Amino acid sequence: MCDDATAALSLRNWISQAIDAVDVSDLANDSHFSVLYGENPRAWPESVRKTLALQSDSFILPALKIAHSLAAQLSDAEVALLLREHSDDTLPYYLPDTKYDWTSRVIVRPSGFSNPADGDDSFASNPLASSLENHEIVDPSDMHELVQSVVHEWTSESKAEQEIGMRKGDEAREEENDCSLAELLPPVKVNEKNSSVLSEQQRIYLLGLVFYEIFSGGERPIETRSNLVDHNPVRIDFEKGLVVSNESSDDPNENLSDTQPRRKMGRTNANNSSGMSNHQTLSVEQLRLQGVPSSVCCLIENMLECSLGDLRSTESYEHMIDVKTDLLLLIEKPNKFLRCNMPSNGSLDLSNVVYGQDKALSSLKDSYQRSLSGSCNFPMITGPSGTGKTLLANRFGEYVSSFGGVFVSGKFDQHHQATPFMAITHAFNEYCSFLVADTDSNDAISVVSSLREALGGDASYLTRVIPNLSLFLDDIGECNEHIECVNTEKRLQYLLCRFVETVSISSKTPVTLFLDDLQWADPASIALIRLLLLSKPTRFFILGSYRDFEISQDDDNWKTIGNLSDFGVNTQIIKMTLMDKDCLNDAVSDLLCLSPRLTRPLSDIVHHKTKGNPLFFTRLMARMVTDGLLQFRLSCRRWVWDEENIQSRKIPDDVAEFFTNAIGMLSPDALNALCTLSCFGASVEISVIKILEDGLGIQLQESFDVAVSEGFLDKTNHNYSFSHDRIQEAAYIHVQIQTSDNKSDDALFFTAVDQINRAGTSFVVTSEQGSLMAQMNLQAGMKAIDMSDFLSALNFFEFGMKFLWQNHWDEEYDLSLSLYNNAAKCSLALGDGEKLETFSAQVVSNARSFEDKLHVYYLSISSLCHASLLEEAFSKGVQVLSILGEELSLTLSYEEKIGLVKETASLLSSLSDDELLNYRIMSDPTKIMAMKFLWRLEMSLLLGKPSFMPLITVKMIQMSLTHGMSAMSAIGFVYFGNIVASKVNITDGYRLVKLSRHLVQYLGCKEVAGEVIAMSTQTIGYVEPIQSTLELNLQGHTAALQSGDITSACLNLIIYCNQLFWSGASLKFTTEKYKEVTRFIKKHNNTALALVAGTRMMDKLCETNENIRNADSDGPAEDVLRIKNPFAANMLHFNNTFIAFIYRDFDSTVTSMEKYFDGKLEMWTLLNFTAGKCFIIGLASFWIYRRTKDRKWYERGSQSIEAMRKWAESSKWNFLQKFLLLEAEDHFCNQRYEKAKKLYDNAILRSRQHKFINDEAIACELTAYFLLELGETDSSLEYIIQAHKNYHTWGATGKASVIFKYFQSISVQGDTTEVSKISKPRLTFDITKLISREQSQT
């Protein structure tokens, strides 16, 4: 715009240059002037080119910045004046007066031009202002010459300062010169001596004159008069400013006189939409004719209205800062406030109204980025209904998508709570659609391939709830509809977790799952969400929302979400609140494209009626447009409203009542269709609507489309959905849905049954109707069981019972039996023993045969086992088996049981694996049921009465060989294999446990796979390297979860951790895994296994604080264990023995050992930790013997040697080093020192070769004590140092911290009561330095 980048211009020169600089060629192509004046814009009349220039952004935007800089200058001066009045009245301030034409006193400089006015007192330090201030102005004509001379002087002096800035690149200079700043020079400094100053309204008016001249291209406004001649006219003298007189005067020197107070005009009415008063003022009509944006015209008009004093309209400006604020809106948001586009059909665009959500959105973005970095976060958006929770989530979804992520969502429905996992599976179905649409990308190909591999045949269960999964997983087969409770509990939850895990691992694209309305989530979904978060998937972000006032924090299901932070999940609550007045006014301002100053009166009324509820606000605004209370006027190109009518209009104060009234205004057909849709929940598939249309014989879609046009519904290609759940709630009425014959549609069937149940039993008038309703609930419950949603299933069964007639056991026996049997089954799955007992009692009392009672007997025994009431479980099981004709000989002696085991083992050895695998299948229902009871007793016997295990196990083998193989036969073979390995021959037992795993595959009995794998690794670990069994147990855990067998899933994890410990894996890693297992077991309420599992032994090894280490650990009381779980009690005594022995606490070792042998059980199965127990018991026995010379301890040590000898022969890798160390201790006791020395060294070598760091540490320590007894102090010190290193490497930091101190103490006192005949010199060394040295090295 300026040839010289450092030049300062007068405002009129800048206007002229700015207009000339606009290239009107592009504008000419879109105008009609080319038709009138030809194709060459340069040949057009100057007035035409000027009009086009004034309409262009190239002129308007810089002009707005010029105007804003002037308004900002005066606004700051107003503040200085206010401060002067309230603080220091001697403080000078600078404001212009009216002696001169303001436009002539404005200079414009480029934004890059250094501002000499920087400082606290900008006008005082401004050289141009100072120059003007020092001149005596007599004639106004002198003003122009003085300004020009000072501008020239200022520009010349400042050019030198701009040399550095001018060296910047052309691009930077262009950017700087695009924006110029203006400054209004005051001719006087006002102080106490000169207090004559304009009012703020007069200054706004005079600045309005300047703005008019800027945007008109240098023209002056035209004075207009109204017919109201009874008021004093306003005369304008552009050289002097504003003059008010009783009559027209042309005297240019007439001074400004005071105006009398006038009545302030009311709000613009319908006949005066422009906001102008009917009094004499200046017109901006010429600006409108020149094409200046309407918003700029209104701004200048409101400024010029300030000349009317109290007669001005209520839209005229009150303060200069308001002018500054409005100009900034025009500059920063030109598309909204500068160019007011006419709305389509005269309606408001409410689709993207945002209500002050920036802070909340920023929190979500931060949480998302942290999750991508490995943190597990679960933000939840909460707040009352209608506060924009879903809108915020969708805005966040746009952010996720903009960075290449995938955003999928699901919404829980208050009327679909009986449908398990509805929202989650809907979102996953959406994700599968994304994969199908993106099949060409490498990422989608990788995910599809991984899903196919991970889910395998189990995908058939998922396709029932995720139909789109079948689009890329072919040949998935059919799912089994008839699976026992133990096979279906948690199955679908596990598969959905597996789905997420596979996606998170195989996809490089982050996935965000948004779950809306969690307050209506079914318990199965809450449990699944918790499992997903606890698994901490990578690149998988979960976001939720809920109404905080509709969730009880005492709810058991919700508590599982609340305690996620205890497991390392960072839960975050993002609170959405109602809008305050300022926030709502900003929303109205954005919506109407008007300044907040203008919309304040309207927004105050709206806030009063809506209380700031965002949903209510948007709907009320739309309603006002519909009712004509809010209109867009073409004449002034802006929204106008009638405040009085809006204020007086009766509008419901409650959003629910508002929607109810609004829906009531629909046509009868649309109203009925909307109410029908509300019974189906938040949305319904178009395919379901077609079924309803066919069944009811009515047209629904046309009525739905009417509701869509009214904004009550949203429509996609596949469904109709309520635009907000508040609308659904308002529309919801009870509609009795007729039973449809199409029960293959689960969603429709669940909804229909749920609606019937909501109606209750009052409408059932005959037993036939009651039976029909009960039958439907039975079918719905069975479908829910197939989806592993036992809570919803139990709810259906209980409703079915309510519909049964009083004598239902006589008239509807089969239906009654099915309802109560399945209700008992669900009660067991949910761990509700009280309900299980209630339903079982009904079956036992009313069943017509013993066979009909078997199911609840089986469930009852299972419940007793889970509760660790093993004695009672065994007693009831034996009774049932006796009635079934399967007697057990419980009085056999140990020798007789050994003979029975050997006889059965001999019989099996005569049959090849192929013969057994191809054996006939068991078909007798009674025998199959008997096998199930025997199966259920196996685990209870292992933990409570192990001496009876061979009787139960041999019975299962005998029944399998006599009546054929069943799924439970694999259980019999794996337990019998363990018994054979323990009591007969490891090789034969190894063959049988491997055979049991093959039986699982041959018979296809996945429901027992987890338990078979768990028990098979017990014997496999005595043949194959123990490290190789770790992966097997993880596979067993997965197999158990896939079949829903939580007990076996827990058992596999316990065995996995035990194997980790005895294999010498890092104690830190092992402890963490053990803690995860303990949480998993407690989470699933398996009392029996919870008593067995624990981390006490490992915690003691790692604890370096002696006081904490010696304190009693929290754990089950010994007497409770002895009564409820003798197996767990015996394990507790061994753990105490282990810790006492490792820390060389002799007295505690003896005490724990005595308790261990007093409670030792008659074990028949070979367990994975049996060898470890035998090893430690043997070493401790030899130590006690050397001190006490009590022969029984030597005999116990010798028994350990013989057992270890047999195991070392079957697996040298696992047990040879243990056997060698036991042998060395034996020779030590018998003073065969040379042989002992060789065996100690050999044990250390074998431990190192086989990578058992734990065994090596123990061997080195015991060798040191042995050498110390021999008096070989230097050698003993080397071994104790090596032991310290090994313990530290293993992770036994607690043991490592005390080993030197104990070694030093026994060097003086000895480790036995009888000192060896070999002389033993005192060992002296600095223990502190030794510990410090070793710790620094490790």
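Bear in mind that the values here come from a model prediction, so they are computed numbers and not experimental data.

### Brief notes about the pairing of strand β14 (residues 638-641)
Part 1: Along β14, one buried face is formed by R638 and V640 and the opposite face, lined by W639 and W641, is buried too.
Part 2: One ladder, built from 4 bridges, connects strand β13 (residues 630-633) with β14; its direction is antiparallel. In the sheet register, F632 faces β14, and the bridge partner there is W639.
Part 3: In this antiparallel pair of consecutive strands, β13 and β14, the connection spans 4 residues, and R637 shows a positive phi of 50°.

### Details of the sheet that holds strand β16 (residues 713-715)
Two modes of strand pairing occur in sheets, parallel and antiparallel, and in both the strands are linked by backbone hydrogen bonds.
Part 1: With antiparallel pairing, the 3 strands of this open sheet are ordered in space as β15-β17-β16. Edge positions in the sheet fall to β15 (683-685) and β16, since each of these pairs with one other strand and no more. Taken pair by pair, the neighbouring strands of this sheet meet at an average axis angle of 15°, ignoring direction.

### Examining empty space enclosed by the protein
Part 1: Tallied over the full model, the rule gives 10 cavities of 30 Å³ or more.
Part 2: Roughly 230 Å³ of internal volume is contained in the largest cavity.
Part 3: Together, 19 residues line the largest cavity, and S295, C593, L594, S595 and L598 are the ones closest to its centre.
Part 4: At the level of elements, α13 (294-304), α14 (320-332) and α26 (596-610) are the ones that each hand at least two residues to the lining of the largest cavity.
Part 5: By residue number, the principal contributor to the lining of the largest cavity is α13, which donates 5 residues.
Part 6: In terms of residue class, the lining of the largest cavity is made up of 11 nonpolar, 4 polar and 4 charged.

### What about the sheet that holds strand β11 (residues 540-546)?
Part 1: Strand order in the open sheet made by the 5 strands is β9-β10-β11-β8-β12, with parallel pairing throughout. The sheet terminates laterally at β9 (406-411) and β12 (570-575), the two strands that pair on one side only. Ignoring strand direction, the axes of neighbouring strands in this sheet form an average angle of 20°.
Part 2: Pairing between strand β10 (residues 511-516) and β11: 5 bridges, direction parallel. Across the sheet, the residue bridging to F514 is L543, located in β11.
Part 3: The sheet strands contacting helix α18 (residues 422-437) are β9, β10 and β11, and the helix crosses β9 at an angle near 150°.

### What about the side chain of S316?
Part 1: Relative to the helices and strands, S316 is located in the loop between α13 and α14.
Part 2: In this structure S316 comes out as buried when scored by relative accessible area, which is 3%.
Part 3: Leaving out residues up to four positions away in the same chain, S316 has contacts with N302, E305, C306 and R597.

### Notes on the nonpolar core
Part 1: By size, the foremost hydrophobic cluster in this structure holds 259 residues, and its most contacted members are F378, L462, L469, F499, F1138 and Y1287.
Part 2: Those residues in contact with Y1287 that sit more than four places away from it in its chain are I1142, A1257, I1258, E1261, A1292, K1295, A1296 and I1299.

### Describing the confidence of the model for the protein chain
Part 1: Chain-level pLDDT for the protein chain is 76 on average; 73% of the residues reach the 70-or-more range.
Part 2: Here strand β6 (residues 241-244) stands out as the least confident element of the protein chain, with mean pLDDT 33; helix α60 (residues 1212-1229) is the most confident, with 95.
Part 3: This model gives residues 481-487 a pLDDT under 50, and the stretch forms 20 contacts once residues within four places in sequence are excluded.
Part 4: Ignoring residues within four places in sequence, the model shows residues 1111-1123, a span with pLDDT below 50, making 17 contacts including any to other chains.

### Re helix α39 (residues 833-846)
Part 1: Taking 1.5 Å per residue as the helical rise, α39 with its 14 residues ought to reach 20 Å, and the 20 Å between its terminal C-alpha atoms agrees with that figure.
Part 2: Listed in full, the buried residues belonging to α39 are L836, F839, S840 and V843. Buried residues of α39, seen end-on, are gathered within an arc of 100° and therefore sit on one face of the element. Structural note: α39 exposes E834, E837 and S845 on the side pointing more than 90 degrees away from its buried face.

### Let's talk about the packing of aromatic side chains
Part 1: Going through the model one piece at a time under the given rule, you end up with 39 aromatic pairs.
Part 2: Seen in terms of ring centroids, F396 and F541 are 5.8 Å apart; in terms of plane orientation they differ by 55°. Their pairing is tilted. Residue F396 is found in helix α17 (residues 389-402), and its partner F541 is found in strand β11; the two are separated by 145 residues along the sequence. Taken individually, F396 and F541 each receive the classification buried, so the pair is uniform in this respect.
Part 3: Centroid distance F850 to Y857: 5.9 Å. Interplanar angle 40°. Geometry classified as tilted.
Part 4: Taking relative accessible area as the criterion, F850 reaches 19% and is therefore assigned buried.
Part 5: Note on Y857: relative accessible area 25%, which makes it partly exposed.
Part 6: Every member of this aromatic cluster is reached through a ring pair, and the members are F1061, W1062, F1134, F1138, Y1156, F1157, W1193 and W1290.
Part 7: One residue, R936, lies across the ring of W935, its end atom 5.2 Å from the ring centre.

### Here we look at the pattern of salt bridges
Part 1: A complete count under the given rule lists 25 salt bridges for this structure.
Part 2: Its salt-bridge partner being K955, residue E886 comes within 3.6 Å of it at the nearest N-O pair. One end of the pair, E886, is in the loop between α41 (870-883) and α42 (894-909); the other, K955, is in helix α45 (residues 949-963), and 69 residues separate them in sequence.
Part 3: Accessibility expressed as a relative area gives 7% for E886, which makes it buried.
Part 4: Classification of K955 by relative accessible area gives buried; the value is 14%.
Part 5: Each of R12, E213 and R220 takes part in a single network of salt bridges with overlapping partners.

Calculation rules
Residues numbered from 1 in each chain as written. Predicted model: local features only at pLDDT ≥ 70, side-chain atom pairs only at ≥ 80, totals over all residues. Heavy atoms only, no water. Buried < 20%, exposed > 50% of the residue type's maximum accessible area, 1.4 Å probe, protein only. Helix = DSSP H or I, 4+ residues; strand = E, 2+ residues; numbered from the N terminus. Pairing = 2+ DSSP bridges. Axes fitted to C-alpha atoms, helices over the stretch in contact; angles between N-to-C directions. 1 Å grid on protein atoms, 1.4 Å probe; cavity = no way out; pocket = protein on both sides within 12 Å on 5 of 7 lines; lining within 4 Å. Points joined across faces, edges and corners; volume = space filled by probe spheres on them. Nonpolar A, V, L, I, M, F, W, Y, C, P; charged D, E, K, R; others polar. Contact = heavy atoms within 4.5 Å. Core = buried A, V, L, I, M, F, W, Y, C linked by side-chain atoms within 4.5 Å. pLDDT = per-residue confidence, 0-100. Expected span 1.5 Å × (residues − 1). Arc of directions from axis to C-beta. Phe/Tyr/Trp six-rings, centres within 6.5 Å; stacked < 30°, edge-to-face > 60°. Lys NZ or Arg CZ within 6 Å of the ring centre and 35° of its normal. Salt bridge = Lys/Arg side-chain N within 4 Å of Asp/Glu carboxyl O.

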